[in-house]
Amino acid sequence: MLVNAIYNIVDRIFIGNDPVLGSLGLAAVSITYPVTLVLLAFALMVGVGGSTRFSISLGRKETEKAKFFLGNGVTLAILAGLLFMILGNIFIEPILRLLGASTAVLPYAKDYLSVILYGAVFQSVAMALNNFSRADGNPRVSMVSMMIGAGFNIVFDYIFIVQLGWGMKGAAYATIGGQFLSMIWQLTYFLGPRANIKLVFQNMKLKVAYVKDILTTGIPAFLLQIANSVLNIVINASLVTYGGDIAISVAGIITSATTIIIMMVSGLVQGLQPIISYNTGADRTDRVKQALKIGSIVGGIISTTGFLVFQLFPDFVITLFNQEPAVVSLGVEAIRIWTVAFPLVGIQIVWASYFQAVGKVQLASFLNLARQIIFLIPLVLLLSSVFGLYGIYTAVPIAEALAFVVTFIFLKSQFKTTQHPL
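The structure presented is a predicted model; accordingly, all values stated were derived computationally and were not measured. (Residues numbered from 1 in each chain as written. Predicted model: local features only at pLDDT ≥ 70, side-chain atom pairs only at ≥ 80, totals over all residues. Heavy atoms only, no water.)

S.K.: Looking at this structure, how should I read the overall build of the protein?
M.R.: If you tally the helices and strands in the protein, you get 17 helices and zero strands. Taken over C-alpha atoms, the radius of gyration comes to 21 Å for the protein, in line with the 22 Å a tight globule of 422 residues would show. Over its C-alpha atoms, taken along the principal directions, the protein stretches across nearly 60 × 45 × 35 Å. Taking all 422 residues of the protein together, 59% fall into the buried category. For the protein, the proportion of contacts with a sequence separation of at least 24, taken over those separated by at least 6, is 81%. For the protein, the exposed area adds up to about 16,700 Å²; of that, 70% sits on carbon and sulfur atoms. (Helix = DSSP H or I, 4+ residues; strand = E, 2+ residues; numbered from the N terminus. Rg over C-alpha atoms; globule rule 2.2 N^0.38 Å. Buried < 20%, exposed > 50% of the residue type's maximum accessible area, 1.4 Å probe, protein only. Contact = heavy atoms within 4.5 Å. Areas by Shrake-Rupley, 256 points an atom, 1.4 Å probe, with all protein chains shown as cover.)

Here's what the structure looks like:
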């Protein structure tokens, strides 16, 4: 997942440091980000939902069911990617204007998104199968898949943007090229002899019962990403009102930087999910308890490390993406406020993911939404109306602290009423 974060981050580094694109290019990527999050939401709903059911089936020794969850998951990923590509291209300009693209930013955003949309199937299938390969007992396949894609993206960002001068379209071509290679790597694994559960065409024919299980189990992951998208839309609208394109560029840098840490925690969670799900199905509560403890500790260490970097070296983080004085000046102040409560984030995400892994979908959905929708959006709207631009930045740590407390309360209550005590 750290490697997955590189896709977006590398694009922003090359775009932000390009003399032609600069802060307007950064603002364009920030404007398009909610769109890519919606696609990611569908891919993760299928991948996380399907692989959770896949793992539980394997834990119960129900191999045939596991095969159908894999096959139906791939079909759903393909359909989601195709639908996204078609509708996105039809409505691309109205979407970008709705997301807050100014007249200056719109051409850059359109150049970037118009290409990204054609890689929707690649990203959707690759992301879904990354979850299944971990659940199949081979996390290295997933890791190598992302490394291949990110490696291509980094090399060809330089070639397309710096050497060939293709601008925003160059960044997008590098991204979808990497996603295509990731997809091919995963398909090669599941169609080859190394997979424990192979992808077979007859299992790809959709069946209502399997589709329902996949989608309902994957709803928390879906809502988390949709929440990210809605949050980005609300924040971008507030930023345009109180700070203009420069403020959007700064927020884009901060979200890129913090995404590195969030993605690492997401990788931890995705590693925990099959372990907790499998052992829940096998009734091994001792292993569930041990996995959750380790996950909580590691999640806290990851987010605390990020907090220290952002607080101690904000200049380095901001100038990595852009060196325009106005961007750097605002960015250094903003990132320190934005990440005040960051050590709590890693723990909260791990705790919330526990409920999804054991099949408590509604509670997991609520807790995933707490940090980014239930608390943050009202706080952004309220505090920005009182304190302007800095009210937006202050809303973030307050929402994270509130979500941590609420998740802790639910977790303690859960442990008192189940055989999975912490």
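S.K.: For this particular structure, what's the right way to read the packing of aromatic side chains?
M.R.: Each aromatic ring pair is described using two quantities: the centre-to-centre distance and the angle formed by the ring planes. Under the defined criterion, the tally for this structure stands at 17 aromatic pairs. Where Trp-338 meets Tyr-393, the ring centres are 6.0 Å apart and the plane angle is 40 degrees; that geometry is what we call tilted. Separated by 55 residues along the polypeptide, Trp-338 in helix 13 (residues 325–338) and Tyr-393 in helix 17 (residues 389–417) bring together distant segments of the chain. Just as Trp-338 is buried, Tyr-393 falls in that class too. Here a set of aromatic residues connected by ring pairs shows up, and it is made of Phe-152, Phe-156, Phe-160, Trp-166 and Tyr-173. Between the NZ or CZ atom of Arg-12 and the centre of the ring of Tyr-33, over which it lies, the distance is 5.1 Å. (Phe/Tyr/Trp six-rings, centres within 6.5 Å; stacked < 30°, edge-to-face > 60°. Lys NZ or Arg CZ within 6 Å of the ring centre and 35° of its normal.)

S.K.: Help me understand the packing of helix 14 (residues 343–357) against helix 15 (residues 361–374) in this model?
M.R.: Packed helix pairs are specified by the crossing angle of their axes together with the interaxial distance, meaning the distance between the axes. Put simply, helix 14 and helix 15 touch, their axes get as near as 7 Å, and they point 160 degrees apart. If you check the angle between helix 14 and helix 15, you find them roughly antiparallel. The element helix 14 and its partner helix 15 pack so that their crossing is left-handed. Along the contact surface, helix 14 presents Val-345, Gln-348, Ile-349, Ala-352, Phe-355 and Gln-356, while helix 15 presents Val-361, Leu-363, Ala-364, Leu-367, Asn-368 and Arg-371. (Axes fitted to C-alpha atoms, helices over the stretch in contact; angles between N-to-C directions. Parallel < 35°, antiparallel > 145°, perpendicular 65-115°, else oblique. Left-handed = near helix turned anticlockwise from the far one by under 90°.)

S.K.: Got a minute to help me understand unusual backbone geometry in this structure?
M.R.: For residues besides glycine, phi is generally negative; the peptide bonds are generally trans as well. Here Lys-61, not a glycine, exhibits a phi torsion of approximately 65 degrees, which is positive. Take Lys-61: it is sitting in the loop between helix 2 (22–59) and helix 3 (63–90). Exposure remark for Lys-61: the relative accessible area of 63% places this residue in the exposed category. Phi angles above zero are rare outside glycine, and Asp-283 is one such case at about 60 degrees. In this structure Asp-283 comes out as exposed when scored by relative accessible area, which is 52%.

S.K.: For this particular structure, what's the right way to read the side chain of Ser-249?
M.R.: Among the structural elements, Ser-249 can be located in helix 10 (residues 244–281). Aside from chain neighbours lying at most four places away, what touches Ser-249 is Ser-23, Leu-26 and Ala-27.

S.K.: Please explain the side chain of Arg-12 as it appears in this structure.
M.R.: Relative to the assigned elements, Arg-12 resides in helix 1 (residues 2–16). A relative accessible area of 2% places Arg-12 in the buried class.

S.K.: Mind showing me how you'd approach the nonpolar core here?
M.R.: One recurring pattern in soluble globular proteins is that nonpolar side chains are buried together. Counting 95 residues, the largest nonpolar core has Leu-96, Leu-239, Ile-276, Tyr-354 and Tyr-393 as its most contacted members. Of all the elements, helix 10 adds the most residues to this core, at 14 residues. When neighbours within four sequence positions are excluded, Leu-239 is seen to be in contact with Gly-244, Ala-247, Ile-248, Ala-251, Leu-389, Ile-392 and Tyr-393. Ala-126, Phe-132, Ala-135 and Val-211 belong to the second largest nonpolar core, which has 28 residues in total. (Core = buried A, V, L, I, M, F, W, Y, C linked by side-chain atoms within 4.5 Å.)

S.K.: What is the right way to look at the pattern of salt bridges in this model?
M.R.: A side chain of one charge can pair with a side chain of the opposite charge if their charged atoms are brought near each other. This model, assessed by the stated rule, comprises six salt bridges. In this structure, Glu-400 engages Arg-371 in a salt bridge whose closest nitrogen and oxygen atoms are separated by 4.0 Å. Here the residue Glu-400 occupies a position in helix 17, and Arg-371 occupies one in helix 15, the gap between them amounting to 29 residues. Each of the two residues, Glu-400 as well as Arg-371, counts as buried. Through salt bridges with shared partners, a single network forms among Glu-93, Arg-97 and Lys-110. (Salt bridge = Lys/Arg side-chain N within 4 Å of Asp/Glu carboxyl O.)

S.K.: Just to check I follow, could you spell out helix 10 for this structure?
M.R.: Residues lying three or four places apart along an α-helix face the same way, a consequence of the helix completing one turn every 3.6 residues. Between its terminal C-alpha atoms helix 10 stretches 51 Å, which fits the 56 Å expected from 38 residues at 1.5 Å a residue. Along helix 10, the sharpest kink reaches roughly 30 degrees, centred on Thr-259. Positive phi appears at Asp-283, one or two residues downstream of helix 10, with a value of about 60 degrees. (Expected span 1.5 Å × (residues − 1). Bend = angle between axes of the 7 residues up to and from the residue.)

S.K.: Mind showing me how you'd approach the packing of helix 2 against helix 3 here?
M.R.: Closest axis-to-axis distance for the helix 2/helix 3 pair is 8 Å, and the angle between their directions is 175 degrees. The orientation of helix 2 relative to helix 3 falls into the category roughly antiparallel. Contacts between helix 2 and helix 3 involve Val-35, Val-38, Leu-39, Phe-42, Val-46, Gly-50, Arg-53, Phe-54, Ser-57 and Leu-58 on the former and, on the latter, Lys-65, Ala-66, Phe-69, Leu-70, Gly-73, Leu-76, Ala-77, Ala-80, Gly-81 and Phe-84. A class-by-class count of the residues in the contact of helix 2 with helix 3 yields 14 nonpolar, four polar and two charged. (Nonpolar A, V, L, I, M, F, W, Y, C, P; charged D, E, K, R; others polar.)

S.K.: Whenever I open this one, the environment of Lys-169 confuses me. Can you help?
M.R.: Its place among the elements puts Lys-169 in helix 8 (residues 167–191). Linking Lys-169 and Ala-370, residues 201 residues apart in sequence, is a C-alpha distance of 36 Å. Setting aside anything within four residues of it in sequence, one finds Lys-169 in contact with Asp-111, Ser-114 and Val-115.

Read these as layout, nothing more, since geometry by itself doesn't imply function.
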